[in-house]
Every structure is written in structure tokens, then in C-alpha cells.
Amino acid sequence: MDDFDSDALLILTFDEQDSIYFDNTILPKIESIKDLEYVISVTSWPIKYVQHKKRKPLNKEVYFVKFVSKSYLNPNRPELIETIDSLFYNIKGNYQLAGTGVVHKAINEQTQKHSSFYLLIGLAVLTILLVVVIKSFIAIVQTLLVAVASVATMIYSSVIFEVPISMAHTILPVILLFYSTSISMHILSHGGDFKKVLRPSIWVVVTTALGFASFLFSEITLLKDFAILGISGILGVFLAAICMFYPQSYHFQLNSNFKISKKIRPIRFQSLRYVLIAIILLTIPGLFLLKSEIYSLSVLSDKNKAYTDHTYVENVIGPYFPIEYTVDETQLKRNLVSRWIHDVYQLHQIGAVISYHRFPPSIDKIALGYQSKSNQNIYRITFFVPLISTSQGAKLIQEINDISKIHFKDFQPELTGFMTLYLQVSNELLNAFRNSLLLAFFFVFLIMFLFLKKIKLVMLAMLVNTIPIVSMLGLMGYLGIRLDMVTIPIGCMLLSIVVDDTIHFMYWYKTKGSWQEAIRRSSPGIILTSVVISIGFGVLLLSSAPPIRYFGLLSCFAVIAALICDMMILPSLIQKFVGNEQP
């Protein structure tokens, strides 16, 4: 497609007006679009040489704006869309503006709006929680300042490293806001003395940072940016905690309601065996159901104007998302190509088609972008389909390939354009998820080995952190929740978070030599941290975007499962496999 001029399409529809108002008000605005930068043409329905399945709707005026895209892989011109939108903002009647660039622009705007909304709601919820749990003005202020500092560090890093805040990064401010309370809660549960938890806190920060760092090795820029922002926020948490709590300036008395270590009882090993077997049997099938998928509309609210405009245009005017093919006429006969186009056009997903062979000989096909500039035997064909998910797109491509096999033997039309990019990114998401999660587990294992120095303890610690992550992924598979641009970081990120409480527990076990004493020392901080972080993830359930709600739901599940593993399963495993050995 590099040999073809890159272009993209916007569709404008207007309610039919009285002719005087339309001619005097709307038509001049439409004419002015032709003079905008990047605009190639503005054409009323029907577009010449385009074969449509739908007819022009009654009582509607329809215009197609063809413009130069940044590249054939990037159809977005947000500044052009904003200009066009402003032209018709105050006209009488309804108008719709649709196109892939419109949806992309709406997602970016929603991302910025949601980031601010989640942050404000999260800060309010966190403040209420701290007031209920801590009840100390100084401690509340210290904890809030640590939380705000973590988010501020992330935002500052996004500016320094020029990382754009995308939909995948929307959840980070809330995660950092509530995760930052982890160190604060452990400090406060030990009377506000940072010295008592300084060593495990250092191990925690290193482990969590390395968990996020696993994304740095991905080929997906979005995940690398996620890692940079996450690591920056985590380092901000630790530095802010040092500034707020070190050295100790006062003694904090934890609310007696949270001194519940005497009530915690490990699961008996005889019962634990059946629990572990049940988890394995239930989880493994779900893991095989885990798949990746990209669907742009899934992250938009159905009340968003871009969403409603898209739905209206797709249903009334017809689909506009392009599937591009190129054919080499030295290898494929034109009559066979025509029959192939005819059969593909009969598929119910296809709404329109533009083909080089419909242009008269006198038309400059190179100028229209339907003949290669470097090899004039290669031509372009565009089918227009609904804005579908990558899994639906893959099925459609397979249907088209099956039709190709009927008409062609040695050579077939070559798929190219936006769809190839989306399918490739979707496949890469699953690979990136697997690779980064394995790398994160390796980093955690390495840190645990350096920290615990005994392979038996390391394996027990790894087991109790594997259970919540694998169980969460199994649940994800059963529920049909796909790995997409929002949920892709969930495995590594949650592993990095849930391992923190295990480190605090194992630190006190190594220090005191008793799992009972480890529970007594670590349980208040672990329970408070888990409750606060779970409620923090619960804020994401307020989102109108399903992927963000799923992220919040799955994260709550994993954090609660990790709490049970640390408090009830890990002590039981230590009793059985370590016994009275010196840690």
C-alpha cells in the first residue's frame, strides 16, 4: 500500500432542511470544507464508481469527505475532524459525522475525561477510607501526600518522556493512588516507624518495578509506555514515603478493630490439598479459552456522540471501514477478478466496494489511489465493512480467502491496509501478554531467591502468588473477557502488586522464625492494604467502558484471592514443608 496514495473517509449526514436554509447556511459550510488542509474532495451521495448495497435514505443529505491520511496505517486527522465538527455545531436539525478517525478521536477525549474522573473519585474514596480506618489527621495527611506524589510522578514522567496517556493508561492513576497506600499501611501498622518495615519495603519496590519492567521488552509501544509510567509512579511512592515517614516523628496507634491476627487460622493441609486440586482443575480449562481481541467501540460509551453517529451511519448509510486488497494483473485475469469481487460483494458483511476495473480507461487511476505508482500492473480494491472486532475480521477474511480459492489457483488477491495491522496487533497482544507474564514471574522468582535464599521458601512463596494470578486468568477465560489494549497489562501488573504482601509476611517469618509471629506482625498491614487496593480497583467498576469494568472486577478478585493465600494458605504450607527448620 506504500505505492498508493493514502486516503481516508469521513461521512456527513444532515436532516433534510427547507431549501433556502440549506442553500444559505449549510451548503456554504460544506463548500468551505474543500478548502481545508488535507481534504481531497467533498462528494454528495452517491460517490461515482462506488457500488453501494444501500440506497440513499429519505429525508437525508449525505456527503463524503475524502482526505489525505497520515499513512495507510493511520487514518486519523483529529484537527480536521474538530474543524468540521465546529462548522455544524449550531445548525438546525441533526447531523452525524462518522469515520474511523472520529471514533479514534472520541476514544482519546474519553480517555482524558475518564482519567480525571477516576482520579477524583479515587481520591475521594481513599480519603473516606483513611478517615474510617486511621482516624489520625497527621497519618491521613501523610498517606494522602504519598498517594498524590505517586500520581504526580507518573504525570511528570509522561511529560518528560513524551508518553501520551491512552486508554490503556487510564487505569494507572487509580492503581498508583491506592497501591501507594501499601507502604503507608505497613508503616502505620508498626506504629509509624518506617525503620521496622524499611527492608521489606525496599524488596517490595524492586519487585513491583521489575514486574512493570517486563513490558519494556515488548514490541508494542503502548506496553513500553505503560512500563515507564508504572515504574515512575512506584519510585515516586517510595521516595514520597521516605519524605513523609522517615525518620519517625510521632507514634501512631492502630485502631484496635484491626488487630485481628489472633482470629486468623491457616487452612489445614488435609483440606488444602483438595483446595489446590480444585483450583487446578477449574483453572486450566479457562486458560485455554483466553484470547486477544481489539474492538474500538468496546471502550466507548453507547451515549457518546461518536458512537451514536457511527451506529446511525452504519445502519442507514452503510459500513465504511475499509478492507483493502491488491491484485497483479500479470498474474490474475481481469474477468476472474471481476467474478471474485462479485462473490465477495454478496457476503452480508460487505456494504460497498470500489474497484479499479469500474473506472473508465480515461480516468487516472494512479491519482485516485487505485493503481500502483511503482508497478502499474498492480491495482487496488476496497471493500467496506462494519467496524468489527479483530476476531470477527479474521472470520470475514477467511470467508474471502475461501472464495479466492474457488476462483484462483496459484495466485490470489493480497490483503493489506488497516485490517492487516489490526489482526497483526491482536495476535501480538497475546504473544506480548504471555512473554511479559513469564518474564515477570522470572523477575519475581529471582527477587524471592535473593530475598529468602532458600529454594523451599522461594517455591512456597511463588505458589501462593501463582494461585491468584492463574485463577484470575482462568476466570477471565470462562467469562469470555478478551485481552485488549486495556486488559493486556493485567497479569504482570497484578503479580507485581500481590507479591508485596507475601514479601512482608516472609520478612517477618525470617526475622522471628515463627509463622504465628509473622501473622501477628504482618496481618494488619496486609489486610488493610488488600482492602484499600480492592476498593480502589472497585472504582473502575463505575466506568461506562466494559474493558475497564472487567479490569476492575478481575483485579478485585485477584487481590482478595492473594489475601487468602497469604494469610491462610502460606502459613499452612510452611507448617507442612518447613516445620521447625530455621528460615
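Because the structure is a prediction, the values reported are computed rather than measured.

Tallying secondary structure elements over the chain gives 18 helices and nine strands in all. Each of the three principal axes of the chain carries a C-alpha extent, and together these read 90 × 55 × 35 Å. Taking all 583 residues of the chain together, 55% fall into the buried category. Per element, the accessible surface of the chain, about 25700 Å² overall, is 59% carbon and sulfur.

Largest kink in helix H17 (residues 515–538): about 50 degrees, centred on serine 522, with the proline proline 524 one to four residues after it. Counting buried positions over the 24 residues of H17 gives 17, a clear majority of the element.

Glancing now at a nonpolar patch on the surface. A cluster of nonpolar side chains, contributed by Phe442, Leu446, Phe449, Leu450, Ile455 and Met459, occupies part of the molecular surface with about 560 Å² of accessible area. Put simply, the parts of the chain that give the nonpolar patch at least two residues each are helix H14 (418–452) and helix H15 (455–478). Broken down by element, the residue count for the nonpolar patch peaks at four residues, all from H14. Given a relative accessible area of 38%, phenylalanine 449 falls into the partly exposed group.

A complete count under the given rule lists 22 aromatic pairs for this structure. Ring plane angle 75 degrees and centroid distance 6.4 Å describe the contact between phenylalanine 194 and phenylalanine 238, whose orientation is recorded as edge-to-face. Of this pair, phenylalanine 194 sits in helix H7 (residues 194–213) while phenylalanine 238 sits in helix H8 (residues 221–245), placing them 44 residues apart in sequence. Both residues of the pair, phenylalanine 194 and phenylalanine 238, belong to the buried class. Feature note: the residues Phe14, Tyr63, Phe88 and Tyr95 constitute an aromatic cluster, connected by ring pairs. When the ring centre of tyrosine 345 is taken as origin, the NZ or CZ atom of lysine 53, which lies over that ring, is 5.2 Å away.

A word on the sheet that holds strand S7 (residues 352–355). The antiparallel open sheet is built from five strands, whose spatial order is S3-S7-S8-S6-S9. Either end of the sheet is taken by a strand with one partner, and the two such strands are strand S3 (50–52) and strand S9 (414–416). Across the sheet, the mean angle separating the axes of adjacent strands is 20 degrees when strand polarity is ignored. Here strand S6 (residues 321–328) pairs with strand S8 (residues 378–385) via eight bridges, running antiparallel. In the sheet register, valine 327 faces S8, and the bridge partner there is tyrosine 379. Here helix H13 (residues 390–407) sits on the sheet and contacts S6, S8 and S9; the angle it forms with S6, its principal contact strand, is near 30 degrees. Sheet strands touched by H14: S6 and S9. Its angle to S6, the strand with the most contacts, is close to 110 degrees.

Cut-offs applied
Residues numbered from 1 in each chain as written. Predicted model: local features only at pLDDT ≥ 70, side-chain atom pairs only at ≥ 80, totals over all residues. Heavy atoms only, no water. Helix = DSSP H or I, 4+ residues; strand = E, 2+ residues; numbered from the N terminus. Buried < 20%, exposed > 50% of the residue type's maximum accessible area, 1.4 Å probe, protein only. Areas by Shrake-Rupley, 256 points an atom, 1.4 Å probe, with all protein chains shown as cover. Bend = angle between axes of the 7 residues up to and from the residue. Patch = residues over 30% accessible without salt bridge, like charges linked within 9 Å, V, L, I, M, F, W, Y side chains within 5 Å. Salt bridge = Lys/Arg side-chain N within 4 Å of Asp/Glu carboxyl O. Phe/Tyr/Trp six-rings, centres within 6.5 Å; stacked < 30°, edge-to-face > 60°. Lys NZ or Arg CZ within 6 Å of the ring centre and 35° of its normal. Pairing = 2+ DSSP bridges. Axes fitted to C-alpha atoms, helices over the stretch in contact; angles between N-to-C directions. Contact = heavy atoms within 4.5 Å.

So far we have only geometry, and geometry alone does not tell us how the molecule works.
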